[in-house]
Amino acid sequence: MSEGLLLRNAQVVLSDGSVKRAAVLIEGGRIARITEDGAETDAGEIADLEGAFLLPGFIDLHIHGAVGADVTETDVDGLRKIARFLVREGVTSWLPTLVPAPDEDYKRAAGAIEELMAWQETASGEGEPTARALGLHYEGPFVNQAQCGALRTEYFRVYKKAADLEPLTMIANPRARHMMTVAPEIEGGIELVRELRRRGFIVSIGHTRADIASLDQAFEAGARHMTHFMNAMAPLHHRAPGPIGWGLLRDDVTCDVIADGIHVEPFMLRLVLKCKGIERISLISDAVAPTGLGDGVYQVWGGRIAVLRGRTSNERGSIAGSVITLSDAVRLMLQLGVSIADIARMAATNPARLLGVIEECGTIEEGKRADLVALDESGEVRLTIVGGRVAFNADDLEL
Ligand SMILES: [Zn+2]
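Residues numbered from 1 in each chain as written. Predicted model: local features only at pLDDT ≥ 70, side-chain atom pairs only at ≥ 80, totals over all residues. Heavy atoms only, no water.

### Some thoughts on the environment of Thr-325
Then comes step 1: Its location among the elements puts Thr-325 in the loop between strand 19 (311-314) and helix 7 (326-335).
Then comes step 2: Separated by 259 residues in sequence, Thr-325 and Ala-66 place their C-alpha atoms 9.0 Å apart.
Then comes step 3: For Thr-325, the residues in contact, after removing those within four places along its chain, are Phe-85, Glu-89, Ser-285 and Thr-291. (Helix = DSSP H or I, 4+ residues; strand = E, 2+ residues; numbered from the N terminus. Contact = heavy atoms within 4.5 Å.)

### Considering the UniProt feature "active site" (unreviewed entry) in the protein chain
Then comes step 1: In the numbering adopted here, UniProt assigns the feature "active site" (unreviewed entry) to Asp-286.
Then comes step 2: Within the secondary structure, Asp-286 sits in the loop between strand 16 (281-284) and strand 17 (296-300).
Then comes step 3: Of the residues examined, Asp-286 reaches a relative accessible area of 6% and is grouped as buried.
Then comes step 4: Once residues lying within four places of it in the same chain are set aside, the contact partners of Asp-286 are His-62, His-64, Glu-139, His-228, Ile-258, Gly-321 and Ser-322. (UniProt positions renumbered as here; feature names shortened; annotations may be inferred. Buried < 20%, exposed > 50% of the residue type's maximum accessible area, 1.4 Å probe, protein only.)

### Some remarks on the coordination of the zinc ion
Then comes step 1: For the zinc ion, the full set of protein donor atoms is His-62 (NE2), His-64 (NE2), Glu-139 (OE) and Asp-286 (OD), at a range of 2.1 to 2.2 Å.
Then comes step 2: Here the zinc ion binds four donor atoms, and the angle range of 84 to 167 degrees at the metal identifies the geometry as irregular. (Donors = N, O, S within 2.8 Å, 3.2 Å for Na, K, Ca; no water. Tetrahedral: all angles 85-135°; square planar, octahedral: opposite > 155°, others 65-115°.)

### Quick notes on the domain arrangement of the protein chain
Then comes step 1: You can read the domains of the protein chain as domain 1 (5-53 + 375-393) and domain 2 (57-360).
Then comes step 2: A straight line from the C-alpha centre of domain 1 to that of domain 2 covers 29 Å.
Then comes step 3: With 20 residues of domain 1 in contact, the opposing surface of domain 2 contributes 23 residues.
Then comes step 4: A combined buried area of about 1,500 Å² lies between domain 1 and domain 2, and 65% of that area is made up of carbon and sulfur atoms. (Domains from an automatic or database assignment. Buried area = accessible area lost by both parts, 1.4 Å probe.)

### Re helix 4 (residues 212-221)
Then comes step 1: Among all positions of helix 4, only Ser-214, Leu-215, Ala-218, Phe-219 and Ala-221 are buried. Projected down its long axis, helix 4 shows its buried positions confined to an angular sector of 165 degrees, all on one face.
Then comes step 2: Where the residues of helix 4 are buried, they touch helix 3 (189-198), strand 13 (202-205) and helix 5 (242-249). (Arc of directions from axis to C-beta.)

### Overview of the side chain of Glu-195
Then comes step 1: Examined against the element boundaries, Glu-195 turns out to sit in helix 3.
Then comes step 2: Using a relative accessible area of 8% as the deciding quantity, one classes Glu-195 as buried.
Then comes step 3: A polar atom in the side chain of Glu-195 sits 2.8 Å from the side chain of Arg-199.
Then comes step 4: Beyond its immediate chain neighbours, meaning those up to four positions away, Glu-195 contacts Tyr-159, Ala-162 and Leu-165. (Polar contact = N/O pair within 3.5 Å; in protein donor to acceptor, adjacent residues only side chain to side chain.)

Here it is as structure tokens:
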């Protein structure tokens, strides 16, 4: 008998978009085999998924915190707390996202993420399995004051020379991914995009009022993605298409959306789905620290954020991030009638491709890391597996 874990009786969402009743054998942290259900097996452990959907684990590109911990302000213990919470929501990888902050906060936060990544690597196989941090995402500080959203404008910057990037530390770990959300129209914006690409950053356009010419230039300089599409951007106008018109039209640009049904009205979400197509959209949470804590008033980024029935607002009355997780986004997509295979693309495959980790995870294929999530018909998370190990198991599932 082998040491493997067999997940049987699952509706497996495969990388070609088909959904097949099958069994998945996990060995050594990887997907060893996808077989006909009921085939002979010598797996050490068998879990009956009772017909649940099996998807690649969700990957959240844009998340500021949860369960009271904020990525920009917390330490490695706080990051672990977030990572533990996320597996309950089917999230197996995440990109901790920093907001504009003083130099020392940036440095400390990047140091904590680096420490977390080192811990993930040494702990694999022994410590508890949690959602894996893949690097970091700087949301700003080179963004447009006029589209600040909930970000603190006093820490916004302009770009003049490469040294201006100095406080935005890169993580030394060679596996770390770096992403930055930039407004190309700010002073030095296009040169900044070029410099970030030279350093290996994924550059995303956001918090912006750029016109078509600047957006085209940013594309030429290497920006290929847009951050929380439609939010914190100049609105669409028939005589001023701006970032939304540009983003809707360009098939060579991908985007992400906050799918909480509040940041983008569900009708508009459907418009984005139709124009961009499933292949070009990633779901994000943009979750802030109060996520997972319920209604109340919380201290976030030096100000107060009120959470009421799932909606956030700061003292200026702006929406201040979401309090959802990707599993909420997935359930909203189900309500909008999106197929489970298309949901897997937007919640796992597309973000994995954007971050350049698609060879490793983001689809269910033999040889890939076993990062998996089982969902029931209504989209509730029943089982989360990270690197082949059970990270979350809803009470009713026998293992
Ligand atoms: Zn954000």
